[in-house]
Amino acid sequence: MDRIGVGLVGTGFMGKCHAMAFGAVKAVFGDVPHIDRVALCDVDTSHAKLKASEFGFARATANWRDVLADPAIHLISITSPNGMHREMAVAALEAGKHVWCEKPMALTLADAEAMTAAAAKAKGQVTALGYAYLRNPALQYAKQLIGEGAIGEVFDFRGSVDEDYMADPSLPWSWRLTRRDAGLGTLGDLTCHLVSLAHELMGEISSLCAMADVVHGKRPVAGESGKLARVENDDIAHAVVRFRSGARGVLSSSRIAHGRKNGLRIEVHGSKGMLWLDNERMNELNLYVAEGPAAARGFRRILSSPAHPAYGKLCPAPGHGLGFNELKVIELAEILRGIQGEPSNQIDFARGLGIEKIIHAFAQSSMARAWVDIA
Ligand SMILES: NC(=O)c1ccc[n+]([C@@H]2O[C@H](COP(=O)([O-])OP(=O)(O)OC[C@H]3O[C@@H](n4cnc5c(N)ncnc54)[C@H](O)[C@@H]3O)[C@@H](O)[C@H]2O)c1
């Protein structure tokens, strides 16, 4: 396939990010199909038209089903809010399209299961979820080092994901804080990313015991002086976990962590050493190997470079650094390889369901105040 037609649903934060990836992927990777930006959709026609012109799409619509019906489109990007993912993804698969959907998969585990079932029924179509942090060359090098035994037998994972977008208690209430429209809180926004990294480096989580809390229980309603509304989904979620390998770990997450902007941090401890990575410095992998004279031991800071695959496609100069939007270009290249029938490491719906099971198990464990086994 020399050319692939794409359709984009949603033109906000992630919609723009997907659009930039569509514009860049051929120039960056070369050996992928040309992308034809056929149509995009947003709820308001004039806004959709403006974004189509800015993002380089041939036409705009306010009806996402128009995008699905277009035979010139092979791949649909779904970047609308979580509550629409199930309906849009299942319909896109039924229309014969490949689907690139943002995370989390859906509001409920049942919805994520329905999406996975639709993907299983599809005929050769590729599905992919937006777990972009997995595409960080530094993270993939950490995985390689673990696989090569650089830190010995791996027995412990520490991970946290903290942001401060809801840290101010006076920020107004919105639909994002309701179970019906947003589903889980921090768990759906942030913890799922942390779980994707834990699974990538350690294998699957098999059981967990969690605590998920609302801390700022009421927030002011915008424009209605003195009126407060209830926050229904988690601000903070922590768990101790067991991996299928027998290793253990601690995962913590918060959307009310003042000062943290993209505080996704992981540590992997092994019998010969340890490595850690902090997404706020995403081009630096830190490695400690317990060898050599004790006086000379310490962490090595490894800067991402063309020696770490995919980095060199974006930048020939070591240490100059990649950013979040470039990870999306790498993510898209993986998806295009999958569509071409080549080996690809994208997170498809079946793998994504494994992540959803964990975040919903956090909520279940917290409610029951008990350990939960993952089926
Ligand atoms: N992978 C990541 O790191 C990451 C980061 C942020 C958000 N996300 C996910 O991306 C998704 C979107 O988040 P966002 O931050 O881009 O939100 P956003 O609010 O910035 O954008 C959502 C867009 O969807 C549009 N929309 C809503 N209903 C629609 C409909 N019926 N038809 C067409 N368009 C519709 C909105 O008008 C808006 O343009 C969410 O699922 C979120 O969890 C992922």
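Residues numbered from 1 in each chain as written. Predicted model: local features only at pLDDT ≥ 70, side-chain atom pairs only at ≥ 80, totals over all residues.

A. Structural view of the overall build of the protein chain. Each helix and strand in the protein chain was counted, giving 11 helices and 17 strands. At 21 Å, the protein chain has a C-alpha radius of gyration in line with the 21 Å of a compact globule built from 375 residues. Seen through its C-alpha atoms, the protein chain measures out along the principal axes to roughly 65 × 55 × 40 Å. Across the 375 residues that make up the protein chain, the buried fraction comes to 48%. Within the protein chain, counting contacts between residues at least 6 apart in sequence, those at least 24 apart form 68% of the total. (Helix = DSSP H or I, 4+ residues; strand = E, 2+ residues; numbered from the N terminus. Rg over C-alpha atoms; globule rule 2.2 N^0.38 Å. Buried ≥ 20, exposed ≤ 12 C-beta atoms within 10 Å, placed from the backbone. Contact = placed C-beta atoms within 7 Å.)

B. Inspection of the site of the ligand at higher detail. Lining the immediate surroundings of the ligand are 20 residues, of which G10, G12, F13, M14 and E102 lie closest. Among the elements that line the shell around the ligand, the one with the most residues is helix α1 (residues 13-29), at three residues. Considered class by class, the residues forming the shell around the ligand number nine nonpolar, eight polar and three charged. (Near = placed C-beta within 6 Å. Nonpolar A, V, L, I, M, F, W, Y, C, P; charged D, E, K, R; others polar.)

C. Expanded view of the sheet that holds strand β13 (residues 263-270). Strand order across the open sheet formed by nine strands is β16-β15-β14-β13-β7-β12-β11-β8-β17, with mixed pairing between neighbours. The outermost strands of the open sheet, each flanked by one partner alone, are β16 (300-303) and β17 (372-373). As defined by bridge partners, strand β8 (residues 205-213) adjoins strand β11 (residues 236-243) across eight bridges and the pair is classed as antiparallel. Across the sheet, the residue bridging to A210 is A239, located in β11. Contacts from helix α8 (residues 186-202) reach β7 (154-162), β8, β11, β12 (248-254) and β13 within the one sheet, and its direction differs from that of β7 by about 155°. (Pairing = 2+ DSSP bridges. Axes fitted to C-alpha atoms, helices over the stretch in contact; angles between N-to-C directions.)

D. Structural view of the domain arrangement of the protein chain. When cut into domains, the protein chain gives domain 1 (3-132) and domain 2 (136-320 + 347-373). Taking only C-alpha atoms into account, the centre of domain 1 sits 26 Å from that of domain 2. Taken together, the contacts link 19 residues of domain 1 with 19 residues of domain 2. Broken down by secondary-structure element, the contributors of at least two residues to the side of domain 1 that touches domain 2 are α1, α5 (109-121) and β6 (127-129). When residues of the side of domain 1 that touches domain 2 are assigned to their parent elements, the largest contribution, six residues, is made by α5. (Domains from an automatic or database assignment.)

E. Up close: the environment of W175. The topology assignment puts W175 in the loop between β7 and α7 (179-182). Counting along the chain gives 56 residues from W175 to V231, while the straight-line C-alpha distance between them is 9.3 Å. With residues up to four places along the chain from it excluded, the contact list for W175 reads D181 and A182.

F. Region of the structure containing the environment of F349. With respect to the secondary-structure elements, F349 resides in helix α11 (residues 349-368). When the C-alpha positions of F349 and D213 are compared, they lie 28 Å apart, and in sequence the two are 136 residues distant. Discounting residues that sit within four places of it in the chain, F349 has contacts with M105, M115, T116, A119 and T127.

G. Examining the packing of helix α4 (residues 85-94) against α5 more closely. Contact pair α4 / α5: the axes reach a minimum separation of 9 Å and the direction vectors enclose 10°. As judged from the angle between their axes, α4 and α5 are roughly parallel. Contacts from R86, A89, V90, L93 and E94 of α4 reach α5 at D111, A114, M115, A118 and A119. By residue class, the composition of the contact of α4 with α5 is seven nonpolar, no polar and three charged. (Parallel < 35°, antiparallel > 145°, perpendicular 65-115°, else oblique.)

H. Expanded view of the environment of R351. Residue position: R351 is located in helix α11. Between the C-alpha atom of R351 and that of S253, which follows or precedes it by 98 residues, the distance is 21 Å.

I. Molecular detail of the pairing of strand β15 (residues 284-289). Inspection of the sheet shows strand β14 (residues 273-278) paired to β15 by five bridges, in the antiparallel sense. Each residue of the ladder has a partner; that of G273, found in β15, is V289. From the end of β14 to the start of β15, which pair antiparallel, there are five residues. As defined by bridge partners, β15 adjoins β16 across four bridges and the pair is classed as antiparallel. The partner of E284 across the bridge, within β16, is L303.

J. Here's a closer look at the pairing of strand β5 (residues 98-101). The alternating pattern of β5 places H98 and W100 on one face and V99 and C101 on the opposite face, and all of these are buried. Summarising the sheet, strand β4 (residues 75-78) and β5 pair through four bridges and their orientation is parallel. Bridge assignment links I78 to a residue of β5, and that residue is C101. Read as a crossover between parallel neighbours, the route from β4 over α4 to β5 is right-handed. Pairing geometry for β5 and β6, over three bridges, is parallel. Bridging across to β6, V99 finds its partner in T127. In terms of handedness, the path from β5 via α5 over to β6 forms a crossover that is right-handed. (Right-handed = clockwise from strand over helix to strand, strands pointing away.)

K. Geometry of unusual backbone geometry. In the segment running from K103 into P104, the intervening peptide bond is cis, with an omega of -10°. With respect to the element layout, P104 can be found in the loop between β5 and α5. The phi angle at A310 is positive, at roughly 85°, despite the residue not being glycine. Looking at the secondary structure, you find A310 in the loop between β16 and α9 (311-314). When the 21 C-beta atoms within 10 Å are taken as the criterion, A310 is described as buried.

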